[in-house]
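Tertiary structure, described
The lines below spell out each chain.
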Amino acid sequence: KFEDLKYLPSGKFLKGAALAYDGLLSDLLWIKTIGYFGHHALTDRTYEWFYHIIDITTILDPYFDDPYEFGGIVLATEIGAVDKSISILKKGMENVPKHHKRYWYLPFYLAFDYMYYKKDFLNAARYLEQASKFPQSPGYLPLLAARLYANANDPDVAIDFLKEMMNSTESEELK
């Protein structure tokens with residue numbers, strides 16, 4: 001039963017109690033999290049324990065990237081808990097290795113939260129700039145970051161950023 005998840009102790013307690021099986025327990029909780037979300041998405045659309053489960057999952061296995069990305073998106077778009085979304089995405093940026101192929105998604109979704117929900121264009125631009133520096137990210141991100149810097153009434157930073165981007169890229173299309 002999904003509601004039994006509310007009785008889970010803190011992630012720190014479980015990490016100690018799981019001994020060497022933290023990754024396995026994290027994987028099991030991740031599967032329960034997906035089921036919990038799906039069940040509530042199809043029924044009452046209340047997600048009272050979602051953040052708690054995501055938080056525990058990421059404490060048990062801090063390098064597991066899916067809970068950060070999925071949790072960050074769901075917390076903001078479905079639940080309306082933008083501050084918790086920001087919190088879980090920042091936690092992901094601290095823990096997921098930067099060489100991970102989808103790492104750039106974390107600052108990208110943070111930028112979205114700051115831009116769309118908080119109307120904080122300066123923080124959005126900073127996170128988008130971070131996301132744009134990863135080779136896997138789309139080529140349009142630097143231009144979007146520059147636009148956000150301009151929207152934040154900081155066109156000088158936008159110009160400096162564009163100059164730096166021009167000097168550091170070999171892509172003629174981007175230049």
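Everything numeric here is computed off the predicted structure, so don't read it as measured data. (Residues numbered from 1 in each chain as written. Predicted model: local features only at pLDDT ≥ 70, side-chain atom pairs only at ≥ 80, totals over all residues. Heavy atoms only, no water.)

1. Brief notes about the overall build of the protein
The number of helices and strands found in the protein is nine helices and zero strands. Each helix and strand of the protein, ordered N terminal to C terminal, gives the series α-α-α-α-α-α-α-α-α. Within the protein, the fraction of its 175 residues that count as buried is 41%. Counted over contacts in the protein with a minimum sequence separation of 6, partners at least 24 positions apart contribute 56%. Entry remark: accessible area of the protein is about 9,700 Å², with carbon and sulfur atoms responsible for 57%. (Helix = DSSP H or I, 4+ residues; strand = E, 2+ residues; numbered from the N terminus. Buried < 20%, exposed > 50% of the residue type's maximum accessible area, 1.4 Å probe, protein only. Contact = heavy atoms within 4.5 Å. Areas by Shrake-Rupley, 256 points an atom, 1.4 Å probe, with all protein chains shown as cover.)

2. Concerning the packing of helix α2 (residues 22-42) against helix α3 (residues 50-60)
Where α2 meets α3, the axes come as close as 8 Å, and the angle between the chain directions of the two elements is 160°. It follows from the interaxial angle that α2 and α3 lie roughly antiparallel. Here the hand of the crossing between α2 and α3 comes out left-handed. In this structure, α2 uses Asp22, Leu25, Ser26, Leu29, Trp30, Thr33, Tyr36 and Phe37 to contact α3, whose residues at the interface are Phe50, Ile53, Ile54, Ile56, Thr57 and Leu60. Among the residues making up the contact of α2 with α3, the classes are represented as 10 nonpolar, three polar and one charged. (Axes fitted to C-alpha atoms, helices over the stretch in contact; angles between N-to-C directions. Parallel < 35°, antiparallel > 145°, perpendicular 65-115°, else oblique. Left-handed = near helix turned anticlockwise from the far one by under 90°. Nonpolar A, V, L, I, M, F, W, Y, C, P; charged D, E, K, R; others polar.)

3. Some thoughts on the confidence of the model for the protein
When pLDDT is averaged along the protein, the result is 84; 77% of the residues meet or exceed 70. Looking across the protein, the model is least confident in helix α1 (residues 11-17), with a mean pLDDT of 52, and most confident in helix α5 (residues 82-95), with 98. (pLDDT = per-residue confidence, 0-100.)

4. Some words on the nonpolar core
Residues Phe50, Leu106 and Leu110 are the most contacted members of the largest nonpolar core, which totals 37 residues. For this core, the secondary structure elements donating two or more residues are α2, α3, α4 (65-79), α5, α6 (105-117), α7 (121-132) and α8 (141-151). No other element matches the six residues that α6 contributes to this core. With sequence-adjacent residues up to four places away left out, Leu110 is seen in contact with Ile86, Leu89, Lys90, Met93 and Tyr127. (Core = buried A, V, L, I, M, F, W, Y, C linked by side-chain atoms within 4.5 Å.)

5. Observations regarding the pattern of salt bridges
Per the counting criterion, the structure on display carries five salt bridges. With a shortest N-O distance of 2.5 Å, Glu78 and Arg45 are connected by a salt bridge. One end of the pair, Glu78, is in helix α4; the other, Arg45, is in the loop between α2 and α3, and 33 residues separate them in sequence. Judged by relative accessible area, which is 47%, Arg45 ranks as partly exposed. In this structure, Lys133 engages Glu129 in a salt bridge whose closest nitrogen and oxygen atoms are separated by 3.4 Å. The exposed category is assigned to Lys133, whose relative accessible area is 51%. Glu129 sits in the buried class, given a relative accessible area of 14%. (Salt bridge = Lys/Arg side-chain N within 4 Å of Asp/Glu carboxyl O.)

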